[in-house]
Structures are given as C-alpha cells and as structure tokens.
Amino acid sequence: MIRRSVRAAPLLGRVPTSPRFRPGCRHATLEAGENKSGHINAGPNEGILFFDNLFPISLFRLQFLVRTPWNPEKTLSSVLTSTDESTVTSRSIANPAKLLKRSRSGATEDLVDVVEILPRLKEGGAFVKFSHDSSTSPSAVQAALTSYLKEHKIRPWWNPFQRVRASLVLGRPWVEDLYRLPSTRLRVEFLPTNPGAEVAELSQEQLYSFFRPYGKLADIITQLSDSKILPKYAYLDFSRMRRAIMAKNCMHGFTVSEAQGGGKMGTVLRLNYEKKIRGSWLKDWLMNHPRIVIPALAALVAGITVAVFDPLRTFFIKAHITKAFHIEDNIIYKWFKTQADNVLTAFRHRSEETGMEAIWEDRRSSIEQLQTWLMETADTFIIVQGPRGSGKRELVVNEALKNQKYKLLIDCKPIQEARGDASTISAAAAEVGYRPVFSWTNSISGLIDLAAQGATGVKTGFSETLDNQLAKIWNNTATALKQIALEDRKKDDKDANLSDDEYLEAHPERRPVVVIDNFLHKSQEGAMIYDKLAEWAARLTTTNIAHVIFLTNDVSFSKSLSRALPDRVFRQISLSDCPPDVAKRFVINHLDLDREDADSGLKQLSPSQRRKDLDELDQVVSILGGRLTDLEFLTRRIQAGETPGRAVKEIVEQSASEILKMFLFGVMDEGAQRQWSPQQAWLLIKELAKHDTLRYNEVLLSDAYKSASGEKALQALEQAELISILSSNGRPQAIRPGKPVYQPAFRRLTEDRVLQARFDLALLNQSIAVESASIDKYEAELHLLGELPKQPVEVGARVNWLLAKLSASQAKIEAYEKETGALKKVLSSEY
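Thoughts on the overall build of the chain
Here's step 1: In terms of regular secondary structure, the chain is built from 31 helices and 19 strands.
Here's step 2: Taken over 831 residues, the chain has a buried fraction of 44%.
Here's step 3: Taking the intrachain contacts of the chain between residues at least 6 apart in sequence as the baseline, contacts between residues at least 24 apart amount to 71%.
Here's step 4: When the accessible surface of the chain is summed, it comes to about 44600 Å², and 54% of that surface belongs to carbon and sulfur atoms.

Written as structure tokens, this is what we have:
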C-alpha cells in the first residue's frame, strides 16, 4: 500500500489537516525551482514525473496580457495539493498525487512517497518529485502510471480531445518563470559535460530515437555543416504543442553517453522553445513573382475602383445635370424667392431681360433654328461660331435652351488653362460633377509605376495617362446622360418593344443637350483635350444619347471636328456684330434699366429721355461697332456720368494700350511665345488703319510675310483676335480687325508719330535685309557664271536678268535708306 507523505508545506504556506499528509522538512517552491534556482534536484531513491494537460495553457497567456489582482500560480498549486474534494476546482483538475496512488494500488511491497509538486502554469502541467524504496525503480513507477492513464483516460473539460499524460524526467529540468511561451518547435543544443570537452553532434536518427516517444515529430532540421554558429544545434518540430512541452521538460539537461552516441565525454542536451516562423507558400509565391503579381494587383485595384466608385460617380454626374441637390430648384426656396423678388427686385430682373430683347429680336431666326434642330434626329454637331463677346453662350443657354429640362454646360477654358495633369483632371471633373476624384493619386501612382518598372522591367499599369483619366470622366458622363434620357421611359409605353437606341432615335426631344463652350480655346498649346472631347461628342451624337452644341471663336473648327465625324455635314450658325440700329437700341434699353420712381409710383422720364447727349449715339455706335461686350462697357461708362463721346474715346485708348502690350511690346501670357514678330503686327495695324479690309494674298506678298511662317503668323494673330480672316469657298479671302473697336484704335496708334517712326523703321530695316539677301544671291550666281571658261550665248539672257534684278534691289535699298533717314530724324527730335 502506498503511503503518501508530502514532506513539504502546501504551496500557499498552509499545512493540510488531513492525517494522510505529514508535515516535512522541505517547502514546495513555485515556478522558479527549488530556492528559486530554476532547477529541481532528485536525490538517491528519488524521481521526477511530469504530468501534462492538467490545466489550460491559455491561463498563462491571460495573465501575461492582463494583470490580475490574484496569483493563479499559488491558487492552482494549492488545488493540486489539496485533499478537500468538495470544491469545484478540486473536482475539475486532476490531482497528480492521487493519480500516482491509483496507478500503484495493486502493489504492496514498495513504498512511493510524493515529495513535492511543482506546477507549470504556462505549460499546463506539473512536476511531481517522488521517493521510492530500493526495490522499486523510477521506470517501473512510470510504466505503472502510464498504463493506468492509458486504461483510465482522463480528459479535462477544457480540452476533451486530449488526455492527461505523464512521463519520467530523464534530464535536469529548467523550471524558469520567464515570459516565454511554449511552441511546437524545440531548439536542441549540444553542450559538453565539462568546459572545453568535445561535443558530439547527434544525427537525425539519434534525435528521432530520443524524442519520438514523447510524440509524433513533424520534422528534424539539423544545422548546416558549414555553419560557424556555436553551440551546435538542431530543430525538432512536433505535430502538437503539448508533445513538445513534454519532451522539453523530460529531456532538458539529459546527458547522452558514449554508448548512445554522445562522444567520449558525453553530450548534454539543452532544450528551449523556438518560435516557429510560419511559412506561407502563397506569400512566397507572390513575393517571388513580381512581374505577374504587380500587374494583377493593378488590375484588381482597377476592378474594385470601377465596381465601387463608378456607380457613385455616375450618380453625382446625374445629380449635377438634373440639379437634384441645387437649392435653387427647391419648391419652397422658389416660393420665398418669388415673394422676395416681387417686393425688392422684380423690376430689376424684368428690366435686365428687357435690355437683351433688342439682341434676341435681331437673332430670333438663329434661336428658332437651334430649337428646330434639337427636335430632329440628325446625328451631327451643331456649331455656333462667332467672335469673343458676341453673346454665343447667352443665345444658346439663356434663350434657345431656356425651356430645356436637362442640359450640361462644359467650359473648355478652365480645363485647357489648368497647369499639370492633376489640375486638368480636377477641372474636367468639376465641369460635369464627377466625384469623388483622386487626381493627386496619379502622381503617386506614376512614382510607384516607375519604381516597379525599374525593379521588374515590366510596366505595371498603376499610373494612368491624362488621356485615360479624361476618357473615364467622359465615359461616366455618357452613362449618366443615357440614364437621364431613358428615365421617363415606361414599360406600358406604346413603343416599349423598342431597344434603348431605337427609342432614343425615335424621341430626340427626350435627349439632354450638351453645350461645349470655348471650344478650341488656346488650341495651339495642346490639341489632345479637344480631340478627345470631339471624339466623345461624336459618340454621344451617333448613339443618339444627347444633342451636342459647340460654341467656338475659332473659324477653323471644322479641321478638329471633321476628324471625329468625317462623314457628317455640320449644322452651323455664325454670329456677327450687331447692326448699328440694334446696337443703339441695346444701349438705350440698358440705360433705361435704372428704375421707376418708387416713392410716387408714377413713371417719370426714362434716363435716356432725360439725357441730352445721346444725340452722339449714332456717331459713337458707328465707331464702336456692334460687339456686345464693348456695348456693355459703353453703357456702364455712360451710366457713370460720362458722355458717349468721352466714353468711346476712353474705350479706344484702352484698346490701343492693350494692342501695344499684347502685340507690339509685351507677350500674351507668362511663358508663352509669340508666333509673330512686332513688324508683322505693325504692318497689319498700319494698313487696317487706312483700309477697312485687306486682301489676304496681298498681305502675304509683303516682305514681312514672305517667309514660310508668314501664314502661320496670320493664323496666330487671328487666334489672338488682333484680326479676323474672312473666308470664301473654303479659302482665306480678306483680313479685317478682330474687333470693331480696333479700327479706331489702329488709327489712334498710327497718329503717334514716334511710335509709327519706330516700327516703320523696323519694317524698312527688315525690307533692306531682304533685298540685301537677294543681292547676295544674285552676286553669287553671277560669280559662278563668270568662272565659266567660255561664255555661251545662252547664258547672256540669264546674266542680263540677274543684273536687272540686282539693279532693282539696289534701287529699293537706296529708297529705303532715304526713308529711314527721315524716320531717324523723327525719333531723334520728338518724344
């Protein structure tokens, strides 16, 4: 019969009162070993067993993460040595002393005493030191205990799939209380028994024979033969963590003898838990194949972006077109606004509309023509062309489309003038209500793409060109326009059997209208934006999604639009300056906008009737012309108190100053290069001051425009609005001032004798240079002919022609020199 005598006080310092336990001379330790030395020593006739799966390992992990006021080590230690089985905790945790007693219940000749129990909280087990008589060996105690545990499988409730196991400790266990968590991998280090002694590095077969009894091994990894790391080591990977715990606690400090392959002096095994780096084949494959992964990742990001953001962007574009979130279209807001207008500003708004009636009456035929074209199914562009300030936008948006429910206005000016790709994308998105837009990511994506291309040699496609970004914006806009055009379609309509394209073709009145303003604005700086915009507009018209109206100042718009719709005839409306009678009515109507006498409520004389200086209007309007912007400027000056004659004089002087700054002295914009010379601009100013119209080809014959770039200079001056070129039958025919007010401005500039002398001198010097170059060419040819050994008769005519040309050029140079002398006198004598 086994006598259990725990010769140690309980772990909490209390001596159990049960008669089966006698107080001894030793004290049980906690997780730091005997006397906190980190080791357990077994004397003669003593052995150590390690019990596994006594309590959950997660308790230590919880203690490591969350500090609790109670110490679970002391509590569980008292439970393991307690004899009171009435508590829930005692019934829930297997008592190793009782298990040892039950395993020896059939033996009566030997005596086994439990000396002490050392719990290992972080490993979920406990060390049990026992003593035995000389007739019993520790291996026999282990065999009996192992047989009992196999026959009576004890499974704790927190781990019902694994049973409690026990094994004899063969080495000298290290019972540390460090914060090191168990792992399935053990690092086995091979140490000498004495310092300086030789060490035997165990093979995989030897390690397998030592450690396989503690559980299934997944792998054994030995140290590389050429490794310089000391001490030598090997890795043992167990299939389960508790098997590794059992092996580590039983075999740590075990000495491999010479007979077992440990060398002449033996080899000590030192075991530690090694955190296993979990390898992932998927992660390794992704990291090792960047040429495939990076483009695939880019495609995945693009797909997610399309799936998530495109419907949201289409929704915002629709809201922008339909004005769903505009407070101005709210019914309540409209009612309050109407009431306020009736009290405060009704007359002002009515008068503003009346001020433009003269213009709209004059252009009534153009307005009706536009409205008629919008009711037809022709899939072509509508172009409204006219000089800047002729009222194109007001005519189309405010008059022709004032009853149109859905219209989208795209202004090309902010898009073209944006600096950088990000600004261009943001400007284009703002015109159509495209949001959210991440234009700044394009720069970052470009850097990532460049780095990835340098690393892998393959373009990843993370970054997108400006062309692709704009295409996304226009495509989303086309989708929103189509949804708007089809939103009123119902299943019970008479043409419900028609497809979407057939329905839109049959109902042109349902299509929204897209107005593209400032088309070809600064087109010489970059035509890509306009080309893509024209292609998108062509797709809208050919698929019957929307009507497209282009507003442009450029007379050469057909070159750009014909590339998008080469097989269509465009519908065009050309706006010119107002006739003098309409211009006069426009000014008078705006002058009468002042107001009625609010105090008396009686209508007094209108401002135009009260002024006596309006007799000058006929003469003033003929000088100023019929450009709307100039007429509005004249009206504001007259309302400010100036006479019409004085106002026009100020306008002409201001225009002359602008011409000097833009075309003769300064540059158009910062960083822009002029495509004309000051001499070329001055020649046109000088001739147009004398004549209302110049012959296009006659100008090209002048010395200033004889070069190959002469025609390009004329086109650039037309783009800058110094001149306007009139065409007939598709060819340039005549040149006129860019604005009517420029005609008197040209005369004002030519009246300045010093300015005229300066630029006439420059023109003459240019002509002298041209003639001198011609003389050099004639002389070179005469010299070549003079070197012939004989002078054939046939050469005589050529020589005479060259001599005549040389004489004529010389005569021109002499005449130019005389003129330059007179001009120099003016420059030297006048300010």
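Some thoughts on the pairing of strand β14 (residues 513-519)
Here's step 1: For β14, the tally of buried residues reaches 7 of 7 residues, placing the bulk of the element in the interior.
Here's step 2: For strand β13 (residues 407-411) and β14, the ladder comprises 5 bridges, and the chain directions are parallel. Along β14, the bridge assignment pairs L408 with V514.
Here's step 3: Once the chain exits β14 it traverses helix α19 (residues 528-542) before rejoining the sheet at strand β15 (residues 547-552), and the crossover so formed is right-handed.

With respect to the pattern of salt bridges
It is possible for side chains of opposite charge to pair when their charged atoms get near one another.
Here's step 1: Evaluated as defined, the whole model comprises 32 salt bridges.
Here's step 2: D310 is the salt-bridge partner of R313, the closest N and O atoms lying 3.7 Å from each other. With R313 and D310 both in helix α9 (residues 290-322) and 3 residues apart, this pair spans about one turn of that helix.
Here's step 3: Judged by relative accessible area, R313 falls into the buried class, the value being 6%.
Here's step 4: With a closest N to O distance of 3.2 Å, E721 and R388 form a salt bridge. One end of the pair, E721, is in the loop between α28 (710-719) and β18 (723-728); the other, R388, is in the loop between β12 (382-385) and α13 (392-400), with 333 residues separating them in the sequence.
Here's step 5: The exposure class assigned to R388 is partly exposed, which follows from its relative accessible area of 38%.
Here's step 6: Each of R120, K122, E123, E176 and K248 takes part in one network of salt bridges that share partners.

Some points on empty space enclosed by the protein
Here's step 1: In this structure the tally under the stated criterion is 3 cavities of 30 Å³ or more.
Here's step 2: Estimated volume of the largest cavity: approximately 80 Å³.
Here's step 3: Lining of the largest cavity is provided by W373, E376, A378, D379, T380, I382, R511, T541, A546, H547, V548 and R571.
Here's step 4: Looking at the lining of the largest cavity residue by residue, the classes come out as 5 nonpolar, 3 polar and 4 charged.

Quick notes on the sheet that holds β12
Here's step 1: With parallel pairing, 5 strands are arranged side by side in an open sheet as β13-β14-β15-β12-β16. Two strands in the sheet have a free side with no partner beyond their single neighbour: β13 and β16 (571-574). For this sheet, the mean inter-axis angle between neighbouring strands, taken without regard to orientation, is 15 degrees.

Topic: the environment of P732
Here's step 1: Among the secondary structure elements, P732 is positioned in strand β19 (residues 731-737).
Here's step 2: Distance in space between the C-alpha atoms of P732 and N697 is 8.3 Å, their sequence separation being 35 residues.
Here's step 3: Beyond its immediate sequence surroundings of up to four residues, P732 is in contact with Y696, I725, L726 and S727.

Looking at the confidence of the model for the chain
Here's step 1: Of the residues in the chain, 81% reach a pLDDT of 70 or more, and the chain-wide mean stands at 81.
Here's step 2: Within the model, pLDDT remains below 50 along residues 1-29, and this stretch shows 69 contacts once partners closer than five positions in the same chain are excluded.
Here's step 3: Between residues 346-352, whose pLDDT stays under 50, and residues either more than four places distant or in other chains, the model counts 10 contacts.

What to know about the packing of aromatic side chains
Here's step 1: Under the criterion given, the structure shown has 14 aromatic pairs.
Here's step 2: Between F663 and W676 the ring centres are 5.7 Å apart and the planes differ by 35 degrees, which places this aromatic pair in the tilted class. Note that F663 is positioned in helix α25 (residues 644-665) and W676 in the loop between α25 and α26 (678-690), a separation of 13 residues in sequence.
Here's step 3: Take F663: its relative accessible area is 0%, and that puts it in the buried class.
Here's step 4: Since its relative accessible area comes to 6%, W676 is described here as buried.
Here's step 5: Three or more aromatic residues joined by ring pairs make a cluster, and in this case those are F381, F519, Y530, F550 and F570.

Re the environment of S37
Here's step 1: Secondary-structure assignment places S37 in the loop between β2 (26-27) and β3 (46-52).
Here's step 2: The exposure class assigned to S37 is partly exposed, which follows from its relative accessible area of 42%.
Here's step 3: In the structure, S37 is positioned 138 residues away from V175 in sequence and 8.5 Å away in space, judged by C-alpha atoms.

Points about the sheet that holds strand β5 (residues 125-132)
Here's step 1: The strand order across the open sheet built from 4 strands is β4-β5-β3-β6, with neighbouring strands paired in antiparallel fashion. For this open sheet the edge positions go to β4 (112-120) and β6 (165-168), each flanked by a neighbour on one side alone. Adjacent strand axes in the sheet meet at a mean angle of 25 degrees when their direction is disregarded.
Here's step 2: Where β3 lies against β6, 4 bridges are found, and the strand directions are antiparallel. What sits directly across from D52, in β6, is R165.
Here's step 3: Across the sheet, helix α4 (residues 96-103) touches β3, β4 and β5, and the angle it forms with β4 is around 145 degrees.

Here's the deal with unusual backbone geometry
Here's step 1: In this structure, P231 follows L230 across a cis peptide bond, with omega equal to -5 degrees.
Here's step 2: Mapped onto the fold, P231 is located in the loop between β8 (217-222) and β9 (233-238).
Here's step 3: In this structure, P436 follows R435 across a cis peptide bond, with omega equal to 0 degrees.
Here's step 4: Looking at the element boundaries, P436 is found in the loop between α15 (421-432) and α16 (441-456).

Observations regarding a nonpolar patch on the surface
Here's step 1: Together, W281, L282, W285, L286 and I292 make up an exposed nonpolar region whose accessible area comes to about 570 Å².
Here's step 2: The element that contributes the greatest number of residues to the nonpolar patch is helix α8 (residues 281-288), accounting for 4 residues.
Here's step 3: Structurally, I292 can be placed in helix α9.

Side note on the side chain of E431
Here's step 1: In this fold, E431 is placed in helix α15.
Here's step 2: Nearest to the buried, unbridged E431 among oppositely charged side chains is R393, at 6.8 Å.
Here's step 3: At 3.0 Å, the side chain of E431 forms a polar contact with the backbone nitrogen of D411.
Here's step 4: Discounting residues that sit within four places of it in the chain, E431 has contacts with H320, L408, L409, I410, D411, P414 and I415.

Quick word on helix α12 (residues 364-374)
Here's step 1: Within α12 the residues assigned to the buried category are S366, I367, L370, W373 and L374. For α12, the angular spread of buried residues about the axis comes to 130 degrees, placing them on one side.
Here's step 2: Where the residues of α12 are buried, they touch α11 (357-362), β12, α13, β14, β15 and β16.

What to know about the pairing of β3
Remember that side chains alternate between the two faces of the sheet whenever the strand is regular.
Here's step 1: Most of β3 sits out of view: 7 of its 7 residues are buried.
Here's step 2: With burial as the criterion, each face of β3 is covered, one bearing E46, I48, F50 and D52 and the other bearing G47, L49 and F51.

Overview of the packing of α26 against α28
Here's step 1: Relative to each other, α26 and α28 sit at 65 degrees, their axes nearing to 11 Å. Considering their axes alone, α26 and α28 lie roughly perpendicular with respect to each other. In the packing of α26 onto α28, the handedness of the crossing is right-handed. Seen from α26, the contacting residues are Q680, A681 and L684; seen from α28, they are G710, A713, L714 and L717.
Here's step 2: Here the contact of α26 with α28 is built from residues that sort into 5 nonpolar, 2 polar and no charged.

So, how was this worked out
Residues numbered from 1 in each chain as written. Predicted model: local features only at pLDDT ≥ 70, side-chain atom pairs only at ≥ 80, totals over all residues. Heavy atoms only, no water. Helix = DSSP H or I, 4+ residues; strand = E, 2+ residues; numbered from the N terminus. Buried < 20%, exposed > 50% of the residue type's maximum accessible area, 1.4 Å probe, protein only. Contact = heavy atoms within 4.5 Å. Areas by Shrake-Rupley, 256 points an atom, 1.4 Å probe, with all protein chains shown as cover. Pairing = 2+ DSSP bridges. Right-handed = clockwise from strand over helix to strand, strands pointing away. Salt bridge = Lys/Arg side-chain N within 4 Å of Asp/Glu carboxyl O. 1 Å grid on protein atoms, 1.4 Å probe; cavity = no way out; pocket = protein on both sides within 12 Å on 5 of 7 lines; lining within 4 Å. Points joined across faces, edges and corners; volume = space filled by probe spheres on them. Nonpolar A, V, L, I, M, F, W, Y, C, P; charged D, E, K, R; others polar. Axes fitted to C-alpha atoms, helices over the stretch in contact; angles between N-to-C directions. pLDDT = per-residue confidence, 0-100. Phe/Tyr/Trp six-rings, centres within 6.5 Å; stacked < 30°, edge-to-face > 60°. Patch = residues over 30% accessible without salt bridge, like charges linked within 9 Å, V, L, I, M, F, W, Y side chains within 5 Å. Lys, Arg positive; Asp, Glu negative; His and termini not counted. Polar contact = N/O pair within 3.5 Å; in protein donor to acceptor, adjacent residues only side chain to side chain. Arc of directions from axis to C-beta. Parallel < 35°, antiparallel > 145°, perpendicular 65-115°, else oblique. Left-handed = near helix turned anticlockwise from the far one by under 90°.

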